[in-house]
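Here's the letter readout for the chains.
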Amino acid sequence: MNRIPNHPILGEEKPGKEVQIFVDGRPIMASEGEMIAAALIANGIWINRYTAHKNKPRGIY
Amino acid sequence: MKGSLKTTGAPSLEELHNSPAYPTNEQLRKGPIAIIECIEEIPCNPCEAACSRGAITVGENITSLPKIDFEKCIACGACIAACPGLAIYIKDYTYSDTMALLSFPYEYYPLPQAGDTVQAVDRHGKYICDGKVIRVQNPKSNDHTAVITIEYPNEYFEEVVSIKRIVIS
Amino acid sequence: MIETELAIVGAGPAGLSAAIEARRAGAEVLLIDENSRPGGQLFKQIHKFFGSRSHKAGTRGMNIGTELLRESKELGIQTWLNGEVCGIEEGHKLWVVRDRSRSEIVKAKKIILSTGATENAVPFPGWELPGVMGAGAAQTMINVNRVLPGKKVIMLGSGNVGVIVAYQLLQAGAEVVAILEAAPKLGGYGVHTAKVSRAGVPFYVSHTIKQAFGTDHVEAVEIVKLDDSFKKVPGTERTLEVDTVCLATGLTPLTELAWLAGCKFCYVPVLGGHLPIHDDKMHSTQPDIFIAGDISGIEEASTAMEEGKLAGINAACELGYIAPEEAEVRSREIWDSLNSLRSGYFGQKRRDSKVSILQKSEELISYFKAMII
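Throughout what follows, the structure given in this document is the object of discussion. Throughout, residues of each chain are indexed from 1 in the direction in which the sequence is written. Ligands are numbered from 1 and chains lettered from A, in the order in which they are written. With pLDDT at 70 or above as the cut-off, local features in this predicted model cover only qualifying residues; side-chain atom pairs require 80 or more to be listed or tallied, and sums for whole chains, interfaces and linings still use all residues.

A few words on the interface of chain B and chain C. Each residue is represented by a C-beta atom placed from its backbone, and any two residues with such atoms within 7 Å are regarded as in contact. Taken together, the contact between chain B and chain C spans 36 residues of the former and 35 residues of the latter. To qualify as a helix, a DSSP run of H or I must reach at least 4 residues; to qualify as a strand, a run of E must reach at least 2; elements of each kind are numbered from the N terminus. Broken down by secondary-structure element, the contributors of at least two residues to the side of chain B that touches chain C are helix 1 (5-8) and helix 4 (46-50) of chain B. If one sorts the elements of the side of chain B that touches chain C by residue count, helix 1 of chain B sits on top with 4 residues. In terms of residue class, the side of chain B that touches chain C is built from 18 nonpolar, 10 polar and 8 charged. Gly counts as polar in this scheme, as do all residues outside two lists: the nonpolar Ala, Val, Leu, Ile, Met, Phe, Trp, Tyr, Cys and Pro, and the charged Asp, Glu, Lys and Arg.

Attention shifts here to the interface of chain A and chain C. Each partner contributes to the interface: chain A provides 21 residues, whereas chain C provides 21 residues. Taken together, the elements giving at least two residues each to the side of chain A that touches chain C come down to helix 1 (36-42) and strand 4 (57-58) of chain A. A per-element tally of the side of chain A that touches chain C places helix 1 of chain A first, with 3 residues. Looking at side-chain class alone, the side of chain A that touches chain C contains 13 nonpolar, 3 polar and 5 charged residues.

Below, the discussion takes up the environment of Leu251 of chain C. Residues and elements named next belong to chain C. Within the secondary structure, Leu251 sits in strand 16 (residues 251-253). For the pair Leu251 and Gly61, spaced 190 residues apart in sequence, the C-alpha to C-alpha distance is 19 Å. The contacts of Leu251, once residues within four sequence positions are left out, are Ala117, Thr118, Glu119, Asn120, Gly272, Asp294 and Ile298.

This part covers the pairing of strand 6 (residues 102-113) of chain C. Moving residue by residue along a regular strand, the side chains alternate between the two faces of the sheet. Residue and element names in this part refer to chain C. Pairing between strands is defined by DSSP: at least two bridges between them are needed. Two elements, strand 1 (residues 2-9) and strand 6, share 7 bridges in a ladder whose sense is parallel. Opposite Ile8, over in strand 6, you have Ile112 as the bridge partner. Of the strand pairs in this sheet, strand 5 (residues 93-98) and strand 6 are connected by 6 bridges, and their pairing is antiparallel. Following the sheet pairing, Leu94 is matched in strand 6 by Val106. In sequence, strand 5 turns back onto strand 6 through a hairpin of 3 residues, with Asp99 there showing a positive phi of about 50°. With 3 bridges connecting them, strand 6 and strand 19 (residues 289-291) associate as parallel partners. The partner of Ile111 across the bridge, within strand 19, is Ile289.

Turning next to the sheet that holds strand 14 (residues 238-241) of chain C. Residue and element names in this part refer to chain C. In space, the 3 strands of this open sheet follow the order 12-13-14, with antiparallel pairing throughout. Because the sheet does not close on itself, it has two edges, and the strands there are strand 12 (207-213) and strand 14. For this sheet the average axis-to-axis angle between neighbouring strands, irrespective of direction, equals 30°. Examined bridge by bridge, strand 13 (residues 220-225) and strand 14 share 4 bridges and lie antiparallel to one another. Bridging from a neighbouring strand, Glu222 pairs with Thr239 of strand 14. Inter-axis angles, ranging from 0 to 180 degrees, are taken between N-to-C directions of lines fitted to C-alpha atoms, where helices are fitted over the stretch in contact.

Our focus in this paragraph is the pairing of strand 5 of chain C. Residues and elements named next belong to chain C. Here 6 bridges tie strand 4 (residues 83-89) to strand 5, and the two strands are oriented antiparallel to one another. Note that in strand 5 the partner of Gly87 across the bridge is Trp95. Between strand 4 and the antiparallel strand that follows it, strand 5, lie 3 residues; Gly91 among them carries a positive phi value of about 75°.

Structure follows, in C-alpha cells:
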C-alpha cells in the first residue's frame, strides 16, 4: 500500500468508507469518493494503458 | 560561488557571518540566543511580530533582511515556529561544560521523544555527532511546526543545525 | 440562458478573492470552476506562506483556502463546480459544460478570467514512462489524496515549486535522491533549499536528465552536466537509481479563454510566456473582461489573491457598486501590497515585467484614442 496514514502537517488520515472496485477484473480496495488515479497508485497499479503502435506503458503525469 | 547558498542549497558560514542577523563569534558563545539564517531578500516578516521583546527588526520594507538585537533577545523561542522558512533556531553554548543546546523547527513524522538519542546533522544533512532529545514542543499555536531541543557536544557548536529524519521502515 | 452581473472563471485564490470583494460590494456573482472542489491549488499548499500579516504570512496555504471558502459561503456566492467554460461568444456569453453532461449559456455583464496555469514538461528519452510526472501532480497525490507516488524521487528544477514539493515528498515519507537545476544557480528561495539540504538532499546545479530507464516503470535516470550554454558535457553522465521523476520546469498561463475573447497579448518570458495585456485595474484590452492570478503572469498565491481583489473591486465599480473614488483608493492600497510582494532579489524582475505590461496597455489605449480622433 502506498497510502500516507500519518503526516506531520495533515495529521492522521480519517479513514473514509472503503469500497471495492474492479480493475481489469481484479478487485482492489479504494476509499469512497477518491480520485481513481489515487486508488490505482495506492494499490501499486501504475500502468493505465499500452500505446497502440509500440505497446509502451503509460501512466499518470 | 563554490559552497554557497545558490549552488549547494545551504548557506556557507562565510555567507552567514556576512548577513546582518548572524551573531558574532562572541555573541554566539555568550549564552542562549536566537539565530536567523535568512540571507536572501524575500518578502517576509512574521519573525518581527513574533518577538514580544522587539528584538527582531525587518522594517518598513518587508524584503529587508532581519536583524536581531542580542541585548534584547531572551532566547524564548517564539520566533522558531513563526518563521515560514524554518530558518530560525536557538543555541546555547553555555548549557554545560561539554554540551551545547539547540532548539530547532521540525516538520516530519514521527517526532522524536524526550530522552531519544538522535543523529545531529550539519547544513547539508551530514551526520556530525549524536545528540540527546531534551524536550519536544508542539502546541497548537505552532500549527504543526514542532520545536525539538537537543543537547550535543559543544565542540560541534556551529555546524550542527538539525537532526536526521527518523524513518520508520 | 442564465444572466448574471459578474461571472468569474476559476475558483482558485484569485477567483475566490475577486468573488468575495465583488459580492461584498453587492454585485451578483457566479463563480465557475471545472474541478469538484474550489480552492485551485491552495489545498495542496501545506507550507506556511511568506509575506506580511496582511498577506496572511505564516499561515499554511490550505488554511488560507479554508478561510476563503468560509467567506465565500457566508456571502452566499453562487458557485458552479464541475463547470467547464469551453468558450466565450459575442456579447459576453460563456458556454459552460456542467457535470460533463449538459451545456448552459451564461450571459454576464462583466467577466473575470482567473484560470490559473499548467505545468511545463521537459522531454527526454524515457519521459513518457510511468513514474515521470509533474511536480504539481505529485504534490496533489501526497497532500490531497494522501498517496505516495514513489519512494525514491529525483526532482528536475530548483524553483520554489521544485524545492517545496521535494520537501513535502520528504514529509510524506519519500526519499529525495537529488534536485537538479539546469542553470548554474539554484532558483528557489534559499530558506527552502536550506531546509531540504539539511534533510540531506543533494543539489546539482548545471545538470539535467539525459534519459530515464525502465520497462514498465522508471527504474533509473542518467543525469548529465551542462556547460555555460546549456549543452550536455560528454563523459559527465552518471546513473541514479530512482522510481519517480518529478518535473518542476515552470508553468504556463492558461489563456485560451482570453484568446477566444479577442484580448490582445504580449510575450513576457519572466512571467511565463504569452499573457493578456492588462491595466492597473486588471482590465484586459477587451471591454468588460478582467484577468487575475497566474493567467496574468506566473507568480504566487499571495500575489494572485491581491490581483483577484483588484479585479473584483474594479469590476464591482464598473457595475456601479463601488464609487470610482473609493475603488481608486482601495486599488492603490492593493498596489502597495503587491509592490511589497514584488520587491527584493526575487520580486524585482516580476515587478519590472508587470510595469512593462501596464505600459503596453497605456500605449494601446492612447493608440486607439488617437484612431478615434
